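Remarks on the overall topology
Each chain, written out:
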Amino acid sequence: MNVEQLSQRTGCDLQAALRRLGGMETLYERLINKFLDDRTFEELKSAMEAGDFPMIETKAHTLKGISANLGFETLSQKSDEIVKAVREDHKEQTEELFEECERLYERIVTAIQEAV
Amino acid sequence: MNLQEDGQTEEKTAILIVDDNEINRMILSETFRDQDKILEAENGKEALDLIRREPGGISAILLDIVMPEMDGLELLEILYKDGLTESIPVFLITADSSEQNTQRGYQLGAMDIIEKPIVPYFVKKRVGSVVELFHARKRLSNTVHKQHQRLLAQEMEIYELNNAIIETLSTAIEFRSGESGAHVKRIRELTGLFLRRLMEIRPEKYQFSEDEIEMISLASIMHDVGKIAIPDHILNKPGKLTKEEFEVMKQHTLKGCDLLCQIPKYHQNPLYQYAYDICRHHHERWDGKGYPDALKGDETTIWSQVVALADVYDALTNERVYKPAYSAEKAASMIVGGECGCFNPELLECLTFILKETGGSI
């Protein structure tokens, strides 16, 4: 897996993430692939559709964590914005933020799938 | 992290990773996999079950905060209340490091708050050093505990030895005047008996702890050590003593005190202070006509009064060169009747009561 290429395609600096993992490329690759199986985004989407704000906050928070761990800064930041929107009671903003989040998520997933 | 330095075996312990997300768990378990056993749980409740099953088998807990069923802080609170945060280091690992959560985490006994994204190398170091610290603390506390046990055992031995020495010496001294080891034991028992009875009939006036009763009883057996300084011909004269001879005999109270004063550290030890007092004053009388200080009534300490009575009672109820052994009833009626010294009415009350209870067989 070409980390440089993946970085470009996702728009995230994945080298930093790899560095954090002590340069263990095989581990990183495994984790990246695991991300494809991860259900957090789907669960966030369902929560959005159901208007379940507590669940939205929880799932967005989890998404923030795992994206950060894998180096997907853009996704992590956007998730955090959703979390804050719910907490600071700007619930109307969540719609738009989620749309942006979805775009970022899909870009990342596509990039990973192509790299495999 | 498997340390065995002082011959204590330590089972291989596990790191418990608690996070509802698989990716997060994976990163952490990869970090520690080469050194430790790994246990995983998806939420606080699962984690709690694992912990309760074998608390001694977990060397650290890596705890996410946001989880379903039971979140990290809820679990932490339970561990804190159970006192487990003292023996198992808990690390909060979270993407949400709000000040509120951080403070709460520390308040509830978390060792450290580690932020996501995780940098495995740093996490390993931070966790590692704290785990090492906990191990060292545990080893130290085990050692201290063992030493404490040893000290207690030694203390017990010294106490018993002390007891034995005092008993032996007192018996040896009494032996000269024809008394026996049994006499010494009886005085000790009687003293204890009277003290307890006093507490029962006059609790507002007399209060002794178990330790004090033991100590006073032990001290009581030394009441006649002064007799060692009294010449044989007076000590063991079968007939009545002359006035001069009696004056010499009376000296055994003061001589006893002299002897006890010779003991180093005498002044610090409550046992010897009781013994001194009893030695000196076990021949005082309630009406002030006793010796050596002619103390009257309550001027004499109650324990010296008790030993005085015990001594007289024992003398009456056992055979002597000049008299046979009297029965308990006869001895009691002679004492109460004022024929053998003058005593505190409260003590006489005790005597009557004890006789009634034991049916005359003290």
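Residues numbered from 1 in each chain as written. Chains lettered and ligands numbered in written order. Predicted model: local features only at pLDDT ≥ 70, side-chain atom pairs only at ≥ 80, totals over all residues. Heavy atoms only, no water.

In any sheet, the strands associate via hydrogen bonds between backbone groups, in a parallel or an antiparallel arrangement. Residue and element names in this part refer to chain B. Spatial strand order, E2-E1-E3-E4-E5: five strands in an open sheet with parallel pairing. The open sheet terminates on both sides in strands that have one partner only, identified here as strand E2 (37-41) and strand E5 (112-115). On average, each strand axis in the sheet is tilted by 25° relative to the strand beside it, whichever way the strands run. For strand E1 (residues 14-18) and strand E3 (residues 58-63), the ladder comprises five bridges, and the chain directions are parallel. (Pairing = 2+ DSSP bridges. Helix = DSSP H or I, 4+ residues; strand = E, 2+ residues; numbered from the N terminus. Axes fitted to C-alpha atoms, helices over the stretch in contact; angles between N-to-C directions.)

Right, let's talk about the packing of aromatic side chains for a bit. Two numbers describe a pair of aromatic rings. These are the distance of the centres and the angle of the planes. Residues and elements named next belong to chain A. Per the counting criterion, the structure on display carries seven aromatic pairs over all chains. Ring centres 5.2 Å apart and planes at 50° place the aromatic pair phenylalanine 35 and phenylalanine 72 in the tilted group. Remark: phenylalanine 72 occurs in the loop between helix H5 (53-70) and helix H6 (73-87) and phenylalanine 35 occurs in helix H3 (residues 25-37); sequence separation between them is 37 residues. There is no split in this pair, since phenylalanine 35 and phenylalanine 72 are both buried. Each residue in the set Phe35, Phe41, Phe72, Phe98 and Tyr105 is aromatic and connected to the rest through ring pairs, giving one cluster. Sitting over the ring of phenylalanine 53, lysine 91 keeps its end group 5.2 Å from the ring centre. (Phe/Tyr/Trp six-rings, centres within 6.5 Å; stacked < 30°, edge-to-face > 60°. Buried < 20%, exposed > 50% of the residue type's maximum accessible area, 1.4 Å probe, protein only. Lys NZ or Arg CZ within 6 Å of the ring centre and 35° of its normal.)

Residue and element names in this part refer to chain B. Its place among the elements puts leucine 92 in strand E4 (residues 90-94). For the pair leucine 92 and alanine 110, spaced 18 residues apart in sequence, the C-alpha to C-alpha distance is 6.8 Å. Once you skip the residues sitting within four places of it in the chain, leucine 92 turns out to touch Leu63, Ile65, Leu73, Leu76, Gly105, Ala110, Asp112, Ile113 and Ile114. (Contact = heavy atoms within 4.5 Å.)

Turning to the pattern of salt bridges, a few remarks are in order. Opposite charge on two side chains makes pairing possible when the charged atoms of those side chains draw close. Residues and elements named next belong to chain B. For the structure shown, the criterion picks out 36 salt bridges over all chains. Salt-bridge contacts for aspartate 112 lead to arginine 126; the nearest nitrogen and oxygen are separated by 3.0 Å. Taken together, the positions of aspartate 112 in strand E5 and arginine 126 in helix H5 (residues 120-176) put the pair 14 residues apart, joining distant regions of the chain. In this structure aspartate 112 comes out as buried when scored by relative accessible area, which is 16%. Residue arginine 285 is joined to aspartate 287 by a salt bridge in which the shortest nitrogen-to-oxygen separation is 3.0 Å. Judged by its relative accessible area of 29%, arginine 285 falls in the partly exposed class. By relative accessible area, aspartate 287 is classed as partly exposed at 25%. Ionic contacts of the salt-bridge type, sharing partners, join the residues Arg202, Lys205, Asp298, Glu346 and Glu349 into one network. (Salt bridge = Lys/Arg side-chain N within 4 Å of Asp/Glu carboxyl O.)

All names here are of chain A. Taken together, the buried positions of helix H4 (residues 40-50) are Thr40, Phe41, Leu44, Ala47 and Met48. Each buried residue of H4 lies within a common arc of 120° when the element is viewed along its axis, so the set occupies one face. Turned more than 90 degrees off the buried face of H4, the exposed positions are Glu49 and Ala50. A positive phi of about 65° marks glycine 51, the residue just after H4. (Arc of directions from axis to C-beta.)

Once that is clear, we can look at the pairing of E5 of chain B. Residue and element names in this part refer to chain B. Pairing of E4 with E5, which is carried by four bridges, proceeds in the parallel orientation. The partner of leucine 92 across the bridge, within E5, is isoleucine 113. The handedness of the E4 to E5 crossover, carried by helix H4 (residues 99-107), is right-handed. (Right-handed = clockwise from strand over helix to strand, strands pointing away.)

Okay, empty space enclosed by the protein next. Residues and elements named next belong to chain B. Within the structure shown, the criterion is met by one cavity of 30 Å³ or more. Looking at the largest cavity, its volume works out to about 70 Å³. Residue lining of the largest cavity: His281, Glu284, Arg285, Trp286, Gly297, Thr300, Gln305, Ala308, Cys342, Phe343 and Asn344, and that is the complete set. Across the lining of the largest cavity, the residue classes break down as four nonpolar, five polar and two charged. (1 Å grid on protein atoms, 1.4 Å probe; cavity = no way out; pocket = protein on both sides within 12 Å on 5 of 7 lines; lining within 4 Å. Points joined across faces, edges and corners; volume = space filled by probe spheres on them. Nonpolar A, V, L, I, M, F, W, Y, C, P; charged D, E, K, R; others polar.)

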